Protein chains: 2
Amino acid sequence: MQQQKPLDQLASLLSKDMDEVNSLIKKRMASDAAPRIPEVTSHLIDAGGKRLRPLLTLAAAKMCQNKTPFHIHLAATVEFIHTATLLHDDVVDESKQRRGRPTANLLWDNQSSVLVGDYLFSRSFQLMVETGNLQVLDILANASATIAEGEVLQLTVAQNLNTTEETYFKVIRGKTAALFEAACKVGGVISNADDRFIDALASYGDALGICFQITDDLLDYNGKSDDLGKSIGDDFREQKMSLPLIKVLEKSNTTEMEFWERTIEKGEQNDNDFDYALELMIKHNALKDTVRDAKFWARKAKKSIMVLPESPLRNILADLPDFVVNRLV
Amino acid sequence: MQQQKPLDQLASLLSKDMDEVNSLIKKRMASDAAPRIPEVTSHLIDAGGKRLRPLLTLAAAKMCQNKTPFHIHLAATVEFIHTATLLHDDVVDESKQRRGRPTANLLWDNQSSVLVGDYLFSRSFQLMVETGNLQVLDILANASATIAEGEVLQLTVAQNLNTTEETYFKVIRGKTAALFEAACKVGGVISNADDRFIDALASYGDALGICFQITDDLLDYNGKSDDLGKSIGDDFREQKMSLPLIKVLEKSNTTEMEFWERTIEKGEQNDNDFDYALELMIKHNALKDTVRDAKFWARKAKKSIMVLPESPLRNILADLPDFVVNRLV
């Protein structure tokens, strides 16, 4: 057990609940009227996503002595929202690979990805309404709006070399951390937990999400394609203002800035540009500084979860942020 | 007053409520983080849509002696859902014109349309959660899922010459009638009306929506571009299995079927093909038969609303379906 990764430990401890979540997902992604829907969805859902978000919901509910059957609904809700955003993201980014497989927009078409994403979002909404818990609905409605807002903001600041770290944090709080935060928080709320536990769960989810996204940004520059199930250099090619890029820009000299203006601002990229981008990031410690930030958020997450009473689940969640950052090393 | 169109009468009678709805829409479509959002949204919302769906919600609530402030929220919700689906539809259909103006996907890009649509959908969700009425949430969650399902079904039967009228009705109940039905029904539910009034409102909305969509299908073949604010022949060019097309296929001979196989199934279209398609529809009474169906649903809508107690609003709603069909003649 000691050698198992925290995520695998989490999956083992919560496997019974997770089986129920998976059955509910299968049941609710069906559509008699439109067989295209389960085709597209199962392509993505069966592709072996880590189910990190629903596991967080289940763990939070269990740690808070949940007595309702609705943690299952909420875990499925969170996974549906996540899957819907992936489908739309891949259209927006024109991505070709996700979880090591061709994306739905490539296998079917953009139209299917847009509409099936809408369907899953509606289905998530039905699932959460079934809990009958208005506080949960409020949290998830706000999270959904924050996600969409973050995605639009990301789109509008793409290619903008003046993007600040402050804006970057707005973007990733939206596109990533909002759902992590909501996933943890609703697990506490549905269990009718103390406010200070609910706040601790929310703050854990937020910090874990930020740490997760910063790590993802890093891996896009210095990871291996095999580990990621996606192509290295996607962010560079898509001219995305990710954290390592924002950091290297702060230190680049005039000649180097001309390189960034050509490749990121104007999007004129040649074969060796990605390698040179990486070289500049190493030269200016942009990758190291980004790792440092990821570790800061990992510590913050760990500290937040320590507010909850000691338990095997809490200890696993406390180990998880370090593991997320260590995907790097 | 007698000469005014029913929709204008509705707008006059409900103008005070509608002003509140418009203020709420303006307030909620804002986004400090991402200015692109209100830009895209106001392009569509200010373009002079008829606000038919929110007017239906307001009318239903007023007829049912609503005492809550939430009819305003629900009317705004319904308009946001509608606007979100328009943004996504225009991406899916690659449309270039909507309400007589270039579409958002043309002015900005598909990415903005997808993500701003997601944002509006989330905002609609926040608005409805604020009502605190779980029955309303259930109705709107189900309607959202039905809409998305109808849109996916429409996509998968496009170009399929074997599409039946039964499938066609599934598609339009989804893409159009579900929101009309929900818009009317939630007006009754929020007012805590008798079940038979709520059922009558739902059935009115369903029939009116079907009648509206069939008429839209017809106008796409025999309307005038000026009236529509969109291009005539879009359905033909997009190879959509609309009702006039399904009807003409039933009566086409072998040679004529070759024409449909080339133009609709294979999408190989030349300059004069649309005129010939129209000629065949007239020859086989496909347009006349479609008008007959539209009138059938108009009568059904009128009959449904007659269940409600006599009032000026009820009488306007009773006149509305005929007006919808008479856009034709």
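One structure accompanies this document, and this report is about it. (Residues numbered from 1 in each chain as written. Chains lettered and ligands numbered in written order. Predicted model: local features only at pLDDT ≥ 70, side-chain atom pairs only at ≥ 80, totals over all residues. Heavy atoms only, no water.)

### Thoughts on the packing of aromatic side chains
All names here are of chain A.
Here comes step 1: Tallying each qualifying case throughout the model produces 18 aromatic pairs over all chains.
Here comes step 2: Their ring planes at 70° and their centres at 5.0 Å tell us that Phe259 and Trp260 sit as a pair that is edge-to-face. Trp260 shares its class with Phe259; the two are buried.
Here comes step 3: The ring of Phe212 has Arg53 sitting right over it, with the charged end atom 5.8 Å from the ring centre. (Phe/Tyr/Trp six-rings, centres within 6.5 Å; stacked < 30°, edge-to-face > 60°. Buried < 20%, exposed > 50% of the residue type's maximum accessible area, 1.4 Å probe, protein only. Lys NZ or Arg CZ within 6 Å of the ring centre and 35° of its normal.)

### What about the nonpolar core?
Here comes step 1: Counting residues in hydrophobic clusters, the biggest one holds 234 residues, and the most contacted among them are Trp260(A) and Trp260(B).
Here comes step 2: Leave out the neighbours within four places in its chain, and Trp260(B) touches Leu161(B), Phe236(B), Leu245(B), Val248(B), Leu249(B), Ser252(B), Glu265(B), Ala277(B), Leu280(B) and Met281(B). (Core = buried A, V, L, I, M, F, W, Y, C linked by side-chain atoms within 4.5 Å. Contact = heavy atoms within 4.5 Å.)

### A closer look at the relation of the copies chain A and chain B
Both copies of the chain are placed relative to one another by a rotation about an axis and a shift along it.
Here comes step 1: Superposition of chain A onto chain B requires a rotation of 180° combined with a translation of 0.0 Å along the rotation axis, giving an RMSD of 0.0 Å. Such values leave the two copies arranged in the relation of a two-fold axis. When each C-alpha of chain A is compared by its distance to the rotation axis, Val114(A) comes out closest, at 3.6 Å.
Here comes step 2: Of the residues that chain A buries at the interface, 100% are likewise interface residues in chain B, meaning the two copies contact each other through the same surface. (Least-squares fit on C-alpha atoms with pLDDT ≥ 70 in both.)

### Digging into the interface of chain A and chain B
Here comes step 1: Opposite the 41 residues of chain A that make contact, chain B presents 41 residues.
Here comes step 2: A combined buried area of about 3,700 Å² lies between chain A and chain B, and 77% of that area is made up of carbon and sulfur atoms.
Here comes step 3: Run the count over chain A and chain B and you get zero salt bridges.
Here comes step 4: On inspection of chain A and its partner chain B, the count reaches ten residue pairs in polar contact (both at pLDDT 80 or more).
Here comes step 5: Among the secondary structure elements, those contributing two or more residues to the side of chain A that touches chain B are helix H3 (36–45), helix H5 (70–93), helix H7 (110–130) and helix H8 (134–157) of chain A.
Here comes step 6: Looking at the side of chain A that touches chain B element by element, the count peaks at 15 residues for H8(A).
Here comes step 7: Its residues placed into classes, the side of chain A that touches chain B shows 21 nonpolar, ten polar and ten charged. (Buried area = accessible area lost by both parts, 1.4 Å probe. Salt bridge = Lys/Arg side-chain N within 4 Å of Asp/Glu carboxyl O. Polar contact = N/O pair within 3.5 Å; in protein donor to acceptor, adjacent residues only side chain to side chain. Helix = DSSP H or I, 4+ residues; strand = E, 2+ residues; numbered from the N terminus. Nonpolar A, V, L, I, M, F, W, Y, C, P; charged D, E, K, R; others polar.)

### Focus: the side chain of Asp220(A)
Here comes step 1: When you line up the elements, Asp220(A) lands in helix H10 (residues 195–222).
Here comes step 2: At 3.0 Å, the side chain of Asp220(A) and the backbone nitrogen of Asp234(A) are in polar contact.

### Some details on the pattern of salt bridges
Here comes step 1: If you walk through the whole model with that rule in mind, you get 26 salt bridges over all chains.
Here comes step 2: Note that Asp289(B) and Arg292(B) form a salt bridge whose closest N and O atoms lie 3.5 Å from each other. Note that Asp289(B) and Arg292(B) are positioned in helix H16 (residues 286–305) at a spacing of three residues, about one turn of the helix.
Here comes step 3: Of the charged contacts, one joins Lys302(B) and Asp322(B) as a salt bridge, the two residues approaching to 3.8 Å between their closest N and O atoms. Residue Lys302(B) is located in helix H16, and its partner Asp322(B) is located in helix H17 (residues 312–326); the two are separated by 20 residues in the primary sequence.
Here comes step 4: Overall, the relative accessible area of 28% leaves Lys302(B) in the partly exposed class.
Here comes step 5: Through salt bridges that share partners, Glu165(A), Lys247(A), Lys251(A), Asp289(A), Arg292(A) and Asp293(A) make up one connected network.

### A word on the state of the cysteines
Here comes step 1: With the rule as written, the count across this model stands at zero disulfides over all chains.
Here comes step 2: In this structure Cys184(A) is not part of a disulfide, and its nearest cysteine sulfur, from Cys64(A), lies 10 Å away. (Disulfide = S-S within 2.5 Å.)

### Notes on the environment of Ser252(B)
Residue and element names in this part refer to chain B.
Here comes step 1: By the element assignment, Ser252 lies in the loop between helix H13 (243–251) and helix H14 (254–265).
Here comes step 2: When its relative accessible area of 13% is taken as the criterion, Ser252 is described as buried.
Here comes step 3: Residues Ser252 and Met281 lie 29 residues apart in sequence; the distance between their C-alpha atoms is 9.3 Å.
Here comes step 4: Setting aside its immediate chain neighbours within four residues, Ser252 contacts Met257, Trp260 and His284.
Here comes step 5: Here Val248 takes part through its backbone oxygen, which lies 2.8 Å from a polar atom of the side chain of Ser252.
Here comes step 6: Looking at Ser252, its side chain comes within polar contact range of the side chain of Trp260, at 3.0 Å.

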